[in-house]
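Here's the letter readout for the chains.
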Amino acid sequence: DAGVIQSPRHEVTEMGQEVTLRCKPISGHDYLFWYRQTMMRGLELLIYFNNNVPIDDSGMPEDRFSAKMPNASFSTLKIQPSEPRDSAVYFCASSPTINVLTFGAGSRLTVL
Amino acid sequence: QKEVEQDPGPLSVPEGAIVSLNCTYSNSAFQYFMWYRQYSRKGPELLMYTYSSGNKEDGRFTAQVDKSSKYISLFIRDSQPSDSATYLCAMREGSARQLTFGSGTQLTVLP
């Protein structure tokens, strides 16, 4: 198994641009999580899905953030428009249960 | 006050030392406790998982939970340079569906 696959690994963009981060979870994992990690705030849960359905998006910071999971093998996190304070590492994780998360390698976003 | 407090370190020890990493928490409803290890430029990976109070051992690693004190620990025996990473504690209420992570402790094991 290739694990959780995220793309792009690095993204540098200018303020106001749209950013789309992608995630392919491990096959058979019913849960998918999007986290954001910064030095100041640590690891924060943005949203999670169960069987492709968004369950809790209370961690999504603003309406500029949206996430979709059109099928069991693909999810996107979109930021539009992006701002410098969105600069962080964004992790996707999948899990067959709540506790045992498998994280991807992360997408490092820099917004100038 | 954060729900989960973790000393960020950095912590530097010589190879072979016993390492103790700790987290305190304020939410008495937490029942599931985990330790994740994160190498630089990588995602966190699950190291240990315990339910409620008690000890759990896996090779050189021992996880300890004291619910009465709201305190969890991870012990690493015979530490190796390959153990150099950031260690994050995480915990969950029984009925909740999301984990609450500590901020992580950066550990360096010197050869």
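Conventions we followed
- Residues numbered from 1 in each chain as written.
- Chains lettered and ligands numbered in written order.
- Predicted model: local features only at pLDDT ≥ 70, side-chain atom pairs only at ≥ 80, totals over all residues.
- Heavy atoms only, no water.
- Helix = DSSP H or I, 4+ residues; strand = E, 2+ residues; numbered from the N terminus.
- Buried < 20%, exposed > 50% of the residue type's maximum accessible area, 1.4 Å probe, protein only.
- Areas by Shrake-Rupley, 256 points an atom, 1.4 Å probe, with all protein chains shown as cover.
- Lys, Arg positive; Asp, Glu negative; His and termini not counted.
- Charge placed at Lys NZ, Arg CZ, Asp CG, Glu CD.
- Rg over C-alpha atoms; globule rule 2.2 N^0.38 Å.
- Pairing = 2+ DSSP bridges.
- Axes fitted to C-alpha atoms, helices over the stretch in contact; angles between N-to-C directions.
- Polar contact = N/O pair within 3.5 Å; in protein donor to acceptor, adjacent residues only side chain to side chain.
- Contact = heavy atoms within 4.5 Å.
- Core = buried A, V, L, I, M, F, W, Y, C linked by side-chain atoms within 4.5 Å.
- Disulfide = S-S within 2.5 Å.
- Salt bridge = Lys/Arg side-chain N within 4 Å of Asp/Glu carboxyl O.
- Nonpolar A, V, L, I, M, F, W, Y, C, P; charged D, E, K, R; others polar.
- Patch = residues over 30% accessible without salt bridge, like charges linked within 9 Å, V, L, I, M, F, W, Y side chains within 5 Å.

Caption draft 1: Just the overall build of chain A, in detail. For chain A, the count of helices and strands is zero helices and eleven strands. Structurally, chain A occupies a C-alpha span of about 35 × 25 × 25 Å along its principal axes. Counting every position in chain A, which comprises 112 residues, the buried fraction comes to 47%. On chain A, roughly 5,400 Å² of surface is accessible, and the fraction owed to carbon and sulfur atoms is 51%. Counting 10 positive and 12 negative side-chain charges, chain A places the centres of these two groups 4 Å from one another.

Caption draft 2: Region of interest: the overall build of chain B. In terms of regular secondary structure, chain B is built from zero helices and eleven strands. Its helices and strands taken in sequence order, chain B reads β-β-β-β-β-β-β-β-β-β-β from the N to the C terminus. For 111 residues, the compact-globule estimate of 2.2 N^0.38 gives 13 Å, and the C-alpha radius of gyration of chain B, at 13 Å, lies within 12% of that figure. With respect to the principal axes defined by its C-alpha atoms, chain B has extents near 45 × 25 × 20 Å.

Caption draft 3: Region of the structure containing the sheet that holds strand S3 (residues 19-25) of chain B. Residue and element names in this part refer to chain B. One open sheet accounts for five strands, arranged S1-S3-S8-S7-S6; its pairing is antiparallel. On the outer flanks of this sheet lie strand S1 (4-6) and strand S6 (54-58), each paired with one strand and no other. Recorded for the sheet is a direction-independent mean angle of 15° between the axes of neighbouring strands. As judged from the six bridges shared by strand S7 (residues 61-66) and strand S8 (residues 71-76), these two strands associate in the antiparallel manner.

Caption draft 4: Broad picture of the side chain of B:Ser73. Residues and elements named next belong to chain B. Along the chain, the position of serine 73 falls in strand S8. We classify serine 73 as buried; its relative accessible area is 2%. At 3.0 Å, the side chain of serine 73 forms a polar contact with the side chain of asparagine 22. Those residues in contact with serine 73 that sit more than four places away from it in its chain are Leu21, Asn22, Trp35, Thr62, Ala63 and Gln64.

Caption draft 5: Focus on the nonpolar core. Within the largest apolar cluster, 24 residues are counted, with the highest numbers of intra-cluster contacts made by B:Trp35, B:Ile72, B:Leu74, B:Tyr87 and B:Met91. Those elements giving two or more residues to this core turn out to be S3, strand S4 (30-38), strand S5 (45-51), S7, S8, strand S9 (85-93) and strand S11 (105-110) of chain B. If near-sequence neighbours (up to four positions away) are discounted, B:Leu74 is found in contact with B:Val19, B:Ser20, B:Leu21, B:Trp35, B:Leu47, B:Met48, B:Phe61, B:Thr62, B:Ala63 and B:Tyr87. Core analysis: the next-biggest nonpolar cluster, separate from the first, contains 21 residues, A:Ile26, A:Leu46, A:Leu77 and A:Cys92 among them.

Caption draft 6: Region of interest: the state of the cysteines. Summed over the entire model, instances satisfying the criterion amount to two disulfides over all chains. Here A:Cys23 connects covalently by a disulfide to A:Cys92, the sulfurs 1.9 Å from one another. Across the disulfide from A:Cys23 to A:Cys92, rotation about the S-S bond amounts to roughly -65°, and the bridge is consequently left-handed. Residue A:Cys23 is located in strand S3 (residues 19-24), and its partner A:Cys92 is located in strand S9 (residues 88-95); the two are separated by 69 residues in the primary sequence. There is a disulfide in this structure between B:Cys23 and B:Cys89, and the S-S distance comes to 2.0 Å.

Caption draft 7: Structural context of the interface of chain B and chain A. Contacts between the two partners involve 16 residues from chain B, matched on the other side by 19 residues from chain A. Applying the counting rule to chain B against chain A returns zero salt bridges. If you look at where chain B meets chain A, you find three residue pairs in polar contact (both at pLDDT 80 or more). Put simply, the parts of the chain that give the side of chain B that touches chain A at least two residues each are S4, S5 and S9 of chain B. The greatest single-element share of the side of chain B that touches chain A, amounting to four residues, is contributed by S4(B). Within the side of chain B that touches chain A, the residues separate by chemical class into nine nonpolar, three polar and four charged.

Caption draft 8: Summary view of a positive patch on the surface. Side chains of A:Arg9, A:Arg108, B:Arg41 and B:Lys42 sit close together on the surface and give a patch of like positive charge. Within the element layout of this structure, A:Arg9 appears in the loop between strand S1 (5-7) and strand S2 (10-13). Judged by relative accessible area, A:Arg9 falls into the partly exposed class, the value being 39%.

By themselves, these are just geometric observations and shouldn't be taken as functional.
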